[in-house]
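Residue-level listing of the chains:
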Amino acid sequence: MADRLIRVGHSPDPDDAFMFYALAEELIPTDGFRFEHVLRDIETLNAWAREGRLEVTALSVHAYAYLSDRYRLLPHGASMGDRYGPIVVAREAMEPEELPTRRIAVPGALTSAFLQLQLAVGRIADPVITPFDRVLEAVAAGEVDAGLVIHEGQLTYPSMGLELVIDLGEWWHDAAGGLPLPLGANAVRRDLDVGDTMPRLSRILRDSIAYALEHRAGALAHAERFGRGLDREMADRFVGMYVNERTLDYGEEGRAAVAELLRRGHEAGLLERLPALDFVED
């Protein structure tokens, strides 16, 4: 019998590429599954998840508030910041309190970064939705007043002469009593909850992350191809920020951080409902 096809959606960036290196290069057993990698920006994956398009997908923790009826969270694959995370940059210095009245490029309305920005500075009524890999360019060109930066732009923005307005990782650390900053998650579609399918998939995906951490040089060489403007040293630094022991398992702090972010979003009126956290246990 042919292996069952599982489409896995993730962003074309170094940390996701690092996580899925072993699967992409067929370096680990796949237990009767065949994996197809679908690379899209996170806001596209969030939108697709609302349709249930992919069996397994990366999604924003923010978006999970609208997707918990379609997907369950996997206990691994999280991207979390520890006193670092998305940033807002501008061509000239400005105060964070000015941001709600400025034109701000954001990489998606359902990104965790956008929820966190609004928790930090207040509701932003008219964000300029911009592909994540064009945000720095839009700021530098004067198309917008400021930009919300995710992925490797967090490290490369100084090379474009831009100024830091707010570091949401630092803000969250202070606001949430030292909890890590939840950004991305991996999730599995609920209709796969037949027999032991979900735990088997979960173990394979966790094995991929573990393999990359144990075979860092090969995984970094693979991930480096997805880093815009990153040399090997910067790619290593960026991957280390977002693929680590917390990526293997959220742990109690990680799960508490997700719950806290969603609770704050709901209490601030930025989320319509507060979802129950539903993790696959493998």
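An account of the accompanying structure is given in this report. (Residues numbered from 1 in each chain as written. Predicted model: local features only at pLDDT ≥ 70, side-chain atom pairs only at ≥ 80, totals over all residues. Heavy atoms only, no water.)

Details of the overall build of the protein
And step 1. When you go through the protein residue by residue, the secondary structure sums to 13 helices and eleven strands.
And step 2. Taken over C-alpha atoms, the radius of gyration comes to 18 Å for the protein, in line with the 19 Å a tight globule of 282 residues would show.
And step 3. The dimensions of the protein, computed from C-alpha atoms along their principal axes, are 60 × 40 × 30 Å.
And step 4. Burial status across the protein gives 57% buried among its 282 residues.
And step 5. In the protein, 79% of the contacts between residues at least 6 apart in sequence involve partners at least 24 apart.
And step 6. As displayed, the protein has an accessible area near 11700 Å², and 46% of this comes from carbon and sulfur atoms. (Helix = DSSP H or I, 4+ residues; strand = E, 2+ residues; numbered from the N terminus. Rg over C-alpha atoms; globule rule 2.2 N^0.38 Å. Buried < 20%, exposed > 50% of the residue type's maximum accessible area, 1.4 Å probe, protein only. Contact = heavy atoms within 4.5 Å. Areas by Shrake-Rupley, 256 points an atom, 1.4 Å probe, with all protein chains shown as cover.)

Some details on the side chain of histidine 76
And step 1. Residue placement: histidine 76 occurs in the loop between strand E4 (71-73) and strand E5 (79-81).
And step 2. Here the side chain of histidine 76 touches serine 202 through a polar contact of 2.8 Å, landing on its backbone oxygen.
And step 3. Histidine 76 has contacts with Asn186, Ser202, Leu205, Arg206, Ile209, Thr247, Leu248, Tyr250 and Asp282, leaving out every residue within four places of it along the chain. (Polar contact = N/O pair within 3.5 Å; in protein donor to acceptor, adjacent residues only side chain to side chain.)

Looking at the pattern of salt bridges
Opposite charge on two side chains allows them to pair when their charged atoms are near.
And step 1. Tallied over the entire structure, the rule returns 19 salt bridges.
And step 2. In this structure, arginine 216 engages aspartate 236 in a salt bridge whose closest nitrogen and oxygen atoms are separated by 2.9 Å. Of this pair, arginine 216 sits in helix H10 (residues 216-224) while aspartate 236 sits in helix H11 (residues 232-242), and the two are 20 residues apart along the sequence.
And step 3. For aspartate 236, a relative accessible area of 28% translates into the label partly exposed.
And step 4. The structure contains a network of salt bridges with shared partners spanning Arg7, Glu55, Arg189 and Asp191. (Salt bridge = Lys/Arg side-chain N within 4 Å of Asp/Glu carboxyl O.)

Digging into the nonpolar core
And step 1. Ranked by size, the top nonpolar core spans 59 residues in total, and within it Val88, Leu99, Leu117, Leu148 and Ile166 carry the most contacts.
And step 2. When residues in this core are grouped by element, the largest group, six residues, is from helix H5 (residues 112-121).
And step 3. Aside from chain neighbours lying at most four places away, what touches leucine 99 is Val88, Met94, Ile104, Leu117, Val121, Ala146, Val165 and Ile166.
And step 4. If you look at the next biggest cluster of nonpolar residues, it comprises 32 residues, including Leu192, Ala210, Ala219 and Leu220. (Core = buried A, V, L, I, M, F, W, Y, C linked by side-chain atoms within 4.5 Å.)

Focus: unusual backbone geometry
And step 1. In the Ramachandran plot, glutamate 26 falls in the positive-phi region, its phi being about 55 degrees despite a non-glycine side chain.
And step 2. As for its placement among the helices and strands, glutamate 26 is situated in the loop between helix H2 (21-24) and strand E2 (33-39).
And step 3. Look at aspartate 31: it is not a glycine, yet its phi comes out positive at around 50 degrees.
And step 4. Positionally, aspartate 31 belongs in the loop between H2 and E2.
And step 5. In this structure aspartate 31 comes out as partly exposed when scored by relative accessible area, which is 41%.

Digging into the sheet that holds strand E7 (residues 104-106)
And step 1. Reading across from one edge, E8-E7-E9-E6-E10 is the order of the five strands in this open sheet, with mixed pairing throughout. With one partner strand each, in any of the chains shown, strand E8 (128-129) and strand E10 (163-167) form the two edges of the open sheet. (Pairing = 2+ DSSP bridges.)

Brief notes about the packing of aromatic side chains
And step 1. Per the counting criterion, the structure on display carries six aromatic pairs.
And step 2. Relative to tyrosine 242, the ring of phenylalanine 238 has its centre 5.4 Å away and its plane inclined at 65 degrees; by these criteria the two rings are edge-to-face. Of this pair, phenylalanine 238 and tyrosine 242 both sit in helix H11, four residues apart, which is roughly one turn of that helix.
And step 3. Clustering of aromatic rings is evident, with ring pairs tying together Tyr84, Phe238 and Tyr242.
And step 4. Between arginine 255 and the ring centre of phenylalanine 279, over which it is positioned, the NZ or CZ distance is 4.1 Å. (Phe/Tyr/Trp six-rings, centres within 6.5 Å; stacked < 30°, edge-to-face > 60°. Lys NZ or Arg CZ within 6 Å of the ring centre and 35° of its normal.)

Examining the pairing of strand E1 (residues 4-10)
And step 1. In this structure, E1 lies alongside E2, joined through seven bridges in parallel fashion. Opposite isoleucine 6, over in E2, you have phenylalanine 35 as the bridge partner.
And step 2. As paired strands, E1 and strand E3 (residues 56-60) are joined by two bridges and run parallel to one another. Note that in E3 the partner of glycine 9 across the bridge is threonine 57.

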